[in-house]
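Next come the chains, spelled out residue by residue.
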Amino acid sequence: MTWQLAFVVVTVVLVASFASRSWLRSDSHGEAMARRDLRRRAATADPLVTLAIQVRLGQLAGELHRLTDDPDVFARAHHWRAVQSAYDALLREACRLSGLPVVEAPLRADERTAADERLREELELSSRGWSW
């Protein structure tokens, strides 16, 4: 009876080790590990980089308000588009740091980020504690 029990125990251990080894080498496990590493990197973003981005977002938002309120600015539309593009790029960078999905905008002068996408990014960041 004891040799039969020993045989069953050894068989169970061998099957379990084979199954765990094959799972550790599987593609699904590799993808899960990659997702976990991405979440960890997003969760451990450098606080000084986060602060610098928040400060710069606040400066760009202030510049947008100044351009909107001041009718005497030379080439106001050009300046507003340049500041808006910089603001959108910085919002995408902030979303990447906080682990949010980002719609990549092409780097073309004739295409801009849609207002609803910008609002979504701002609301998602503010719900995660970002302020600028």
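Keep in mind it's a predicted model, so treat the numbers as computed, not measured.

Asks: Teacher, can you tell me more about the environment of Thr-11 here?
Replies: Tracing the backbone through its elements, the reader meets Thr-11 in helix α1 (residues 2-24). Each C-alpha atom, one on Thr-11 and one on Leu-100, is 46 Å from the other, the two residues being 89 residues apart in sequence.

Asks: Looking at this structure, I do not really get helix α3 (residues 47-69). What am I missing?
Replies: Think of an α-helix as turning once every 3.6 residues; residues three or four places apart then point the same way. Taking 1.5 Å as the rise per residue, α3 with 23 residues should run 33 Å; its terminal C-alpha atoms sit 33 Å apart, in good agreement. When α3 is considered as a whole, its buried residues turn out to be Thr-50, Ile-53, Gln-54, Leu-57, Leu-60, Ala-61, Leu-64 and Leu-67. Packing partners of the buried residues in α3 comprise α4 (76-98).

Asks: Would you take a moment to explain the nonpolar core for this structure?
Replies: Note that soluble globular proteins tend to have their nonpolar side chains buried in a common cluster. Core analysis: the largest hydrophobic core is formed by 17 residues, its most contacted members being Ile-53, Leu-57, Tyr-87, Ala-94, Leu-125 and Trp-130. Among the secondary structure elements, those contributing two or more residues to this core are α3 and α4. No other element matches α4, which puts seven residues into this core. When residues no more than four places from it in sequence are discounted, the contact partners of Tyr-87 are Leu-57, Leu-60, Ala-61, Leu-64, Arg-118, Glu-122 and Trp-132.

Asks: Looking at this structure, how should I read α4?
Replies: Counted at 1.5 Å a residue, the expected span for α4 with its 23 residues is 33 Å, and the 33 Å between its end C-alpha atoms agrees. Among the residues of α4, those classed as buried are Val-83, Gln-84, Tyr-87, Asp-88, Leu-90, Leu-91, Arg-92, Ala-94, Cys-95, Leu-97 and Ser-98. Gly-99 lies just past α4 and shows a positive phi near 85 degrees.

Rules used throughout
- Residues numbered from 1 in each chain as written.
- Predicted model: local features only at pLDDT ≥ 70, side-chain atom pairs only at ≥ 80, totals over all residues.
- Heavy atoms only, no water.
- Helix = DSSP H or I, 4+ residues; strand = E, 2+ residues; numbered from the N terminus.
- Expected span 1.5 Å × (residues − 1).
- Buried < 20%, exposed > 50% of the residue type's maximum accessible area, 1.4 Å probe, protein only.
- Contact = heavy atoms within 4.5 Å.
- Core = buried A, V, L, I, M, F, W, Y, C linked by side-chain atoms within 4.5 Å.

Spatial relationships are all this shows, so hold off on functional conclusions.
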